[in-house]
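# An overview of the molecular structure
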Amino acid sequence: MPILAAICRQHMHLSWRSGQTVLAVSFLFIAITLLPFGLGPELKLLRALAPGLLWVVLAISLLTSLERLFQADYEDGSLDRLLLVPLAFEAVVLAKLLGHYLALVLPLIASVPLAGLLLNIEAARLPALVAAMLCGSPALVLAGGIGAALAVSVRRGGLLTVLIAMPFYVPVLIFGAAAARVSLETGLETGVAIGPYLGILAALSAASLLLAPFAIAAALRSALR
Amino acid sequence: MAEIENLFSKVQHSRDAVCRAEGLACVRGAMPVFEGVSFAVSSGQALCVRGANGSGKSSLLRQLAGLLPLAAGVLTPPELARNAHYLGHADGLKAALTIAETLAYDAALAGHGDGSALGDVAMRLGLAGRDWQFVADLSAGQKRRLTLARLVIDPRPLWLLDEPMTALDDAGCALVGTLAKAHLQSGGMIIAASHEALDFADAELLLGSEA
Amino acid sequence: MLKALENISALYANPTRFMGLAAKLHMPLWALAIGLLAYGLYRVANVPADYQQGETVRIMFVHVPAAWMSLFGYSFIFFASVTALIFRHPLGHVAARAAAPVGAVFTLLALITGSLWGQPMWGTWWVWDARLTSVLVLLFIYLGYIALWQAIDEPIRAARAASILAIVGFINVPIVKFSVDWWNTLHQPASVSRLARPALHADFLYPLLIMGAAFLVLFLAITLTRMQMEVLRQRLRARAGKGGAAHV
């Protein structure tokens, strides 16, 4: 356990030190800033589209942050070392993913309320949106991790990672956006109404948690051969 | 060098340990690299693997470390890689970390969290007083010295060293030699790939000689 | 070096028996595919025009079987990859790789014909209809799979990575299908996908089934030919490897 904690901490440390965290959050805000230029500055329209836009921008920011998830370690030999750690490699992979989640994904989700403000979102809808993102984002990271691991030996594998991971994002986006939609329609009863959606998102995350570490570990092992 | 020899004074590896390889073969892509490689290294012995470029020295070490599958042959004991250190061409160092942070991470990966003896290790490896220097600013030889710290911090019985003398100055080479001898004295084993002879090696294995 | 070379042949040239079988199957399979396709198209040409949809109903006889083949193709890749990974049969990788572009083309065909059929009905070239949307996502799954094969240079590494993706992606297909269907009913409660429900009158059903059989045999014929090419290419590579080994 202390070894896994060290691996997780190391990943967070490096994400922060090398500016990945700041970059990812900046990317999210830049994408949000571009939207009104494309859609027009009409606040009513932006407000209506805000939850969906925020989900899509979150997913894209997350995808772009994944390219280097394993690649730096693959290139500098750190992955060899991690493979020789006397623990299940799947657990090591999970520790790294947790580090990525804490260092990059949580700051991204934390910036969503502020980004929502720029899109004129109603404050009352934010809790449901953030809750849905918290439930669904593990699935996004785990699925993205599969893409990153499969493309790890490919130079400039970023686009390949996106292409591989994107189909896995469809269900999460559908139910995540639906939760935000329902929160608009039901008003006060939101907590009860979005329960099932949060449940489905959490189930998607749980299923990814069961499956993805094995796929990622297998992909990384075969890339090291 | 006396203080370096003392680094392993408290370490005692099993004296009956034997690392045995029988009929190893390696295939890269569609290319056969080597075949029928057999050797045995027992406690306190060092084997130097030699051969021309492309003869498969690095591949053999990666196979021993469990990073590359065996195309044929048997390795005993099967849990060999679990008790091994592998130092390859890629050093696994992070440019954005300082020496102190790197050593602390090495200690954490080895499973002992307290970093009390780390300054001591750094001093003995000739990196004293550089704790807060970033790895990015180190020379190739200094980085090599820093990777040697793993061998000291986490005593494992088998060392797999790929070109251990690369980028090191005379003092650095002497340092590797002293570390290796101390390790062998405490009952460890070493398998090193090198294109030149290593003075601590007891035996040599020549790859790619048959063709 | 002899033993190592035998190991390579176990990896690469083992499909000798397959090549013998393929050579025998090749011509009959293609003849059957072309025959079925010709007969199917003839039957489709003689289907009476639909009282609602007119002549455009004929597009359905391409669209629906193409959509079937898009799913069949991916299932084929999945089972081939499982065979390759679990039973360590190298032919599985060859089959999966050979089938992928074929399945992708059928998927693209389903999308194009769906769009062509929808245009007169919906008045627009693209509708986010549940069926079209999930077929579109399936196309992306195919493209990711093909891109992965192409991006990794080392064949064994590429084969392993691709089979991992094929298996994980296969689990994802029903999840995507379910969520897209659900999403569609959420947004368009009234309109039911009309592409999904052809009128199952016998006049329509038989030509549809014949076209389905024709596409299936065509898929198998193209995949078989591509597999033969792939095995030959790998043999060439292995031979180059043998030549390279001489100076080691």
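About the cut-offs
Residues numbered from 1 in each chain as written. Chains lettered and ligands numbered in written order. Predicted model: local features only at pLDDT ≥ 70, side-chain atom pairs only at ≥ 80, totals over all residues. Helix = DSSP H or I, 4+ residues; strand = E, 2+ residues; numbered from the N terminus. Buried ≥ 20, exposed ≤ 12 C-beta atoms within 10 Å, placed from the backbone. Contact = placed C-beta atoms within 7 Å. Pairing = 2+ DSSP bridges. Axes fitted to C-alpha atoms, helices over the stretch in contact; angles between N-to-C directions. Nonpolar A, V, L, I, M, F, W, Y, C, P; charged D, E, K, R; others polar. Parallel < 35°, antiparallel > 145°, perpendicular 65-115°, else oblique. Left-handed = near helix turned anticlockwise from the far one by under 90°. Expected span 1.5 Å × (residues − 1). Bend = angle between axes of the 7 residues up to and from the residue. pLDDT = per-residue confidence, 0-100.

## Things to note about the overall build of chain B
Check the secondary structure of chain B and you find 6 helices and 8 strands. Its helices and strands in sequence order give chain B the pattern α-β-β-β-α-β-β-α-α-α-β-α-β-β, from N to C terminus. Every one of the 211 residues in chain B was classed for burial, and the buried ones make up 45%. Across chain B, the fraction of contacts at a sequence separation of at least 24, relative to all contacts at a separation of at least 6, is 74%.

## Here's the deal with the overall build of chain C
Helices and strands together make up the secondary structure of chain C, namely 7 helices and 0 strands. Reading the secondary structure of chain C in the N-to-C direction produces α-α-α-α-α-α-α. Buried residues in chain C amount to 39% of all 248 residues. Counting contacts in chain C only where the partners sit at least 6 residues apart, residues at least 24 apart contribute 82% of the total.

## Looking at the sheet that holds strand β6 (residues 158–162) of chain B
Residues and elements named next belong to chain B. In spatial order, the strands read β5-β6-β7-β3-β8; together these 5 strands make up an open sheet with parallel pairing. Lying at the two open borders of the sheet, with one neighbouring strand each, are β5 (84–87) and β8 (203–206). On average, each strand axis in the sheet is tilted by 15 degrees relative to the strand beside it, whichever way the strands run. Note that β5 and β6 share 4 bridges and pair parallel. What sits directly across from Tyr-86, in β6, is Leu-160. Docked against the sheet, helix α2 (residues 57–64) engages β3 (46–50), β5, β6 and β7 (189–193), running at close to 150 degrees with respect to β7.

## Examining the sheet that holds strand β1 (residues 18–28) of chain B
All names here are of chain B. Strand order in the open sheet made by the 3 strands is β2-β1-β4, with antiparallel pairing throughout. Both outer strands of the open sheet, β2 (31–42) and β4 (72–76), are each paired with one neighbouring strand and no more. Shown here is a sheet whose adjacent strand axes are inclined to one another by a mean of 15 degrees, direction ignored. Across 4 bridges, the pairing between β1 and β4 is antiparallel. Paired with Glu-22 across the strands is Val-74, a residue of β4.

## With respect to the environment of Met-189 of chain B
Note that Met-189 of chain B resides in strand β7. Between the C-alpha atoms of Met-189 of chain B and Ala-17 of chain B, which are 172 residues apart in sequence, the distance is 8.6 Å.

## Some points on the interface of chain C and chain A
Taken residue by residue, the interface counts 23 residues in chain C and 24 residues in chain A. Mapped onto the side of chain C that touches chain A, the elements with two or more residues apiece are α5 (130–151) and α6 (155–187) of chain C. If one sorts the elements of the side of chain C that touches chain A by residue count, α6 of chain C sits on top with 14 residues. Among the residues forming the side of chain C that touches chain A, the class breakdown is 17 nonpolar, 4 polar and 2 charged.

## Re the packing of helix α3 (residues 43–65) of chain A against helix α7 (residues 126–150) of chain A
Residue and element names in this part refer to chain A. One can describe the packing of α3 onto α7 by two numbers: an axis separation of 11 Å at closest approach and a directional angle of 30 degrees. When the interaxial angle is binned, α3 and α7 end up roughly parallel. You can see that α3 and α7 cross each other, and the crossing is right-handed. On the side of α3, the interface is formed by Pro-51, Leu-54, Leu-58, Ala-59, Leu-62 and Leu-63, while α7 contributes Leu-129, Met-133, Leu-140, Val-141 and Gly-144. Tallied by class, residues from the contact of α3 with α7 come to 10 nonpolar, 1 polar and no charged.

## A closer look at the packing of helix α6 (residues 89–118) of chain A against α7 of chain A
Residue and element names in this part refer to chain A. Following both chains from N to C, one finds α6 and α7 inclined at 145 degrees, their axes separated by 10 Å at the closest point. Between α6 and α7 lies a crossing whose hand is right-handed. Note on element contacts: α7 touches α6 through Leu-126, Leu-129, Val-130, Met-133, Leu-134, Ser-137, Pro-138, Val-141, Leu-142 and Gly-145, opposite Leu-97, His-100, Tyr-101, Val-105, Ile-109, Val-112, Pro-113 and Gly-116.

## Digging into helix α10 (residues 195–224) of chain A
The first and last C-alpha atoms of α10 of chain A sit 43 Å apart over 30 residues, in line with the 44 Å expected at 1.5 Å per residue. Approximately 35 degrees is the largest bend angle found in α10 of chain A, and it occurs at Leu-211 of chain A, with the proline Pro-213 of chain A only one to four residues beyond.

## Considering α6 of chain A
Residues and elements named next belong to chain A. Along its 30 residues, α6 runs 42 Å from first to last C-alpha, staying within 8% of the 44 Å computed at 1.5 Å per residue. If you look at α6, its biggest bend is around 35 degrees, right at Tyr-101. Just downstream of α6, Asn-120 is the residue with a positive phi angle, here 65 degrees.

## Brief notes about unusual backbone geometry
A cis geometry characterises the amide bond from Thr-76 of chain B onward to Pro-77 of chain B, with omega recorded as -10 degrees. The backbone of Arg-156 of chain A shows a phi angle near 55 degrees, a positive value even though the residue is not glycine. With respect to the helices, strands and loops of the structure, Arg-156 of chain A is situated in the loop between α7 and α8 (158–186). Even without a glycine there, the phi angle at Ala-167 of chain B is positive, about 70 degrees. Tracing the backbone shows Ala-167 of chain B in the loop between β6 and α6 (170–185). Ala-167 of chain B sits in the partly exposed class, given 14 other C-beta atoms within 10 Å.

## Details of the confidence of the model for chain C
All names here are of chain C. The predicted model of chain C has a mean per-residue pLDDT of 81, with 83% of residues at 70 or higher. Contacts of residues 1–9 to residues separated by more than four positions or lying in other chains number 24 contacts, the stretch itself having pLDDT below 50. Scored as a complex, the prediction yields pTM 0.87 and ipTM 0.88.

## Topic: the environment of Pro-86 of chain A
Relative to the assigned elements, Pro-86 of chain A resides in the loop between α5 (78–84) and α6. Once the C-alpha coordinates of Pro-86 of chain A and Glu-122 of chain A are considered, the two residues, 36 residues apart in sequence, prove to be 50 Å apart.

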